[in-house]
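Commentary on secondary and tertiary structure
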Amino acid sequence: MSDQDRAFFAENGYVLLPGFYDVEADINPILRDIHTIIGLTATRHGVTLERVPYSPETFDSGYDRLIAHDRAIGGEIYDLVKQIPAFLRLISHPRADALFRDIRGTDISGIGAASYGIRIDNPMEDKFRSHWHQEFLFQPQSLDGIVFWTPLAEVTEDMGPVIVLPKSHKDGLCIYSRGTTYADKQGAYQIGIHDEDKVVARYEHIAPLTRPGDLLLMDFLTIHGSGWNRSGRARWSVQNRFFNYADPVGMKVGWKASITTGTDVESVFPDNFVKGGA
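One structure accompanies this document, and this report is about it. (Residues numbered from 1 in each chain as written. Predicted model: local features only at pLDDT ≥ 70, side-chain atom pairs only at ≥ 80, totals over all residues. Heavy atoms only, no water.)

A few words now on the overall build of the protein. In terms of regular secondary structure, the protein is built from 10 helices and 10 strands. Each principal axis of the C-alpha atoms in the protein carries an extent, and together these give about 55 × 45 × 35 Å. Buried residues in the protein amount to 52% of all 278 residues. A total accessible area of about 12,700 Å² is found for the protein, and carbon and sulfur atoms account for 53% of it. (Helix = DSSP H or I, 4+ residues; strand = E, 2+ residues; numbered from the N terminus. Buried < 20%, exposed > 50% of the residue type's maximum accessible area, 1.4 Å probe, protein only. Areas by Shrake-Rupley, 256 points an atom, 1.4 Å probe, with all protein chains shown as cover.)

This is the structure in structure tokens:
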């Protein structure tokens, strides 16, 4: 990471590092296994798919037709691809770990339980898109944590790239509410920034276009969210989060696991929730 990139990250709360990962060694093994898993899952469900042979560009061949046949199969694939060894190697990549430790000036890092995965954002399917949020509320392991985000396929503008709000990390943890703006969603998706429209209007909106191998870093306090996929293909991407065990805020709250594991963030951060969900 250059001094220029380091200064940009500190000032803006995000930075894009093109070609950080080796596509052939780090990314393609994941894509090859995804291709195989899609085929095996189709066979398991007795679905006949006409598929093109594997290539990095067509690793998800047949996936769209499979979920058109039965959307629930998409959820099965979503869980299966998180168990690919090459994916687990990527999220704990020595270069990524060293980068985090260097940026945060620590000799002890961690990857939170349930803090990593492969997102599959299907076209025209907004129900599961990630709305505006700061990672620290949903991953309360350390205040100085960093999101590591990398695409598995080239992200074009119509795929709805991640939208980042530069410098939003400087304003600290937002006030949140549950069951208001996102009352129609489930679980953690019901939690949203209070007066969201007013908050996000304060900042510039940046949506970087990325290719496999690129790495987007986001501070745990940087507000961001998924774009709207209006293309003809799912947007596949890897997210993992590093945290700093030595961070005093993380230590105070006990390096809580992801909200998806059952952490009650309203009790962890009572001062950052509107009372009564109003």
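Moving on to the environment of Thr 48. Take Thr 48: it is sitting in the loop between helix 2 (23-44) and helix 3 (63-69). It is 9.0 Å that separates the C-alpha atoms of Thr 48 and Leu 66, two residues lying 18 residues apart in sequence.

Glancing now at the pairing of strand 4 (residues 146-151). With 6 of its 6 residues buried, strand 4 lies for the most part within the structure. The two faces of strand 4 match: Ile 146, Phe 148 and Thr 150 on one face and Val 147, Trp 149 and Pro 151 on the other face are all buried. Of the pairings in the sheet, the one linking strand 4 to strand 10 (residues 235-244) comprises 6 bridges and is antiparallel in character. Directly across from Val 147, in strand 10, lies its bridge partner Arg 241. (Pairing = 2+ DSSP bridges.)

What follows concerns unusual backbone geometry. The backbone of Lys 167 sits at a positive phi, close to 70°, despite the residue not being glycine. Mapped onto the secondary structure, Lys 167 falls in the loop between strand 5 (163-164) and strand 6 (176-178). Under the relative-accessibility criterion, Lys 167 is labelled partly exposed at 39%. Its identity is not glycine, yet Trp 255 carries a phi of approximately 45°, on the positive side. Looking at the secondary structure, you find Trp 255 in the loop between helix 9 (248-253) and helix 10 (265-268).

Right, let's talk about the side chain of Thr 210 for a bit. Of note, Thr 210 is situated in the loop between helix 8 (196-200) and strand 8 (215-219). Not counting residues up to four positions away in its chain, the partners in contact with Thr 210 are Leu 16, Trp 149, Pro 151, Ala 153, Glu 154 and Val 155. (Contact = heavy atoms within 4.5 Å.)

This part is about the environment of Thr 36. Mapped onto the secondary structure, Thr 36 falls in helix 2. Using a relative accessible area of 41% as the deciding quantity, one classes Thr 36 as partly exposed. Along the sequence, Thr 36 and Ser 231 sit 195 residues apart, while their C-alpha atoms lie 24 Å from each other.

The full count for this structure, using the stated rule, is 16 salt bridges. One salt-bridge network, held together by shared partners, links Glu 11, Lys 167 and Lys 170. (Salt bridge = Lys/Arg side-chain N within 4 Å of Asp/Glu carboxyl O.)

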